[in-house]
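# Structural overview for review
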Amino acid sequence: MKYAVLSLTFGYGKEKVLLKDIELWDENIITNIKDRPLIWSGRYVSYVSVQKLPLWIYDKEQPTPWHCYSNCSKTCNYFNIKLKSLNRSMIAEIHNNSMDSASQTRLALFYVKNNSIMCKLLSTKLKSKIDEHITTSSNANINSAMVTKTNSKFSVSKKPTHSLLNKKVHFNDTLSKLILTGLRLRDIPNTSSGFTKLYKMTFQAAEFTHREDVKKYDYQVPFELLQQTVEILLKLFTKT
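What you see is a predicted model, and the numbers here were worked out from it, not measured in a lab.

With 71% of its residues at a pLDDT of 70 or more, the chain has an overall mean of 77. Mean pLDDT values for the elements of the chain range from 52 in helix H3 (residues 137–157) up to 92 in strand E4 (residues 66–69). Considering only residues more than four positions removed or in separate chains, one finds that residues 152–159, a stretch of pLDDT under 50, has five contacts.

Here's what the structure looks like:
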């Protein structure tokens, strides 16, 4: 039966695209259940390769994936072109519109199987696992080096205020987490030989890209802008 109906948003501003009527069907549910179908909304996160995703990423509480259907021609065309034709998968962040709790926000994987579009929830422990990797000694050393380098730049020009330093550190920390998350989703371990080089290259490129934004927003650059920049850079550098 129809488990949920999802609307997905891609891009921002003038580039924003909304896909409606993504129906998620669960063949294991054969009786009517109250409050079905659920109404969900979501946002595109990244295109990925299923083969590169670690096994622990899948949510074991969902025994079988959902089948995706739609009566919207725009939605069908998008999935046929972006997933089927290009033979790739997609991760999206989905939210139960009937719930206000942030805990109801989940990550889901859309992929092709036997020429059908399928949807599988990803583990709720994904973020905590990524955070654990972020706080490892090697990553901490990278962050420390970047902050030290930044602080030394400030001291050469003029003595910064405590508030400004905090904003800069927060900017670096947010950018760092976005990059490390992107690398983890691409299954690039921090033990690989090119990890540090790829991290620094992406960090510096993103920092340069937003050199005017940090002045405009006083280092409080919108999260969505940083996320979009990191995703574009990692696609370019890793060819994913």
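From this point, the narrative continues.
Turning next to unusual backbone geometry. Of note, Asp 21 is a non-glycine position whose phi angle comes to about 55 degrees, a positive value. Checked against the element boundaries, Asp 21 lands in strand E2 (residues 17–25). One non-glycine residue, Asn 115, lies in positive phi territory at about 65 degrees. On the secondary structure map, Asn 115 appears in the loop between strand E6 (105–113) and strand E7 (116–121). Given a relative accessible area of 58%, Asn 115 falls into the exposed group.

In this section: the pattern of salt bridges. Counted under the stated rule, the structure contains four salt bridges. A salt bridge links Glu 207 to Lys 168; the nearest nitrogen and oxygen atoms lie 2.9 Å apart. Taken together, the residues span a long stretch of sequence, with Glu 207 in helix H5 (residues 195–209) and Lys 168 in helix H4 (residues 162–185) at a distance of 39 residues. Classification of Lys 168 as buried rests on a relative accessible area of 6%.

Take the environment of Ser 89 next. Along the chain, Ser 89 falls in strand E5 (residues 89–96). In the structure, Ser 89 is positioned 20 residues away from Leu 109 in sequence and 7.1 Å away in space, judged by C-alpha atoms. Every residue in contact with Ser 89, bar those within four places of it in the chain, is listed here: Ser 46, Tyr 47, Val 48, Val 50, Leu 83, Leu 109, Phe 110 and Tyr 111.

With 15 residues, H5 should cover 21 Å at 1.5 Å per step; its first-to-last C-alpha distance of 21 Å lies within 8% of that length. Those residues of H5 not exposed but buried are Phe 195, Leu 198, Tyr 199, Thr 202, Phe 203 and Ala 206. The buried residues of H5 occupy an angular sector of 130 degrees when projected down its axis, which confines them to one face. H5 presents Lys 197 and Phe 208 as exposed residues on the side facing more than 90 degrees away from its buried surface.

Pairing of E2 with E4 involves three bridges; the strand directions are antiparallel. Each residue of the ladder has a partner; that of Leu 24, found in E4, is Cys 68.

We now examine the packing of aromatic side chains. Considering all chains together, one arrives at ten aromatic pairs under this definition. Judged by centre distance (4.6 Å) and plane angle (45 degrees), the rings of Phe 10 and Tyr 78 are tilted. Remark: Tyr 78 occurs in helix H1 (residues 73–85) and Phe 10 occurs in strand E1 (residues 2–10); sequence separation between them is 68 residues. Here Phe 10 falls in the buried class, since its relative accessible area comes to 5%.

Calculation criteria
Residues numbered from 1 in each chain as written. Predicted model: local features only at pLDDT ≥ 70, side-chain atom pairs only at ≥ 80, totals over all residues. Heavy atoms only, no water. pLDDT = per-residue confidence, 0-100. Helix = DSSP H or I, 4+ residues; strand = E, 2+ residues; numbered from the N terminus. Contact = heavy atoms within 4.5 Å. Buried < 20%, exposed > 50% of the residue type's maximum accessible area, 1.4 Å probe, protein only. Salt bridge = Lys/Arg side-chain N within 4 Å of Asp/Glu carboxyl O. Expected span 1.5 Å × (residues − 1). Arc of directions from axis to C-beta. Pairing = 2+ DSSP bridges. Phe/Tyr/Trp six-rings, centres within 6.5 Å; stacked < 30°, edge-to-face > 60°.

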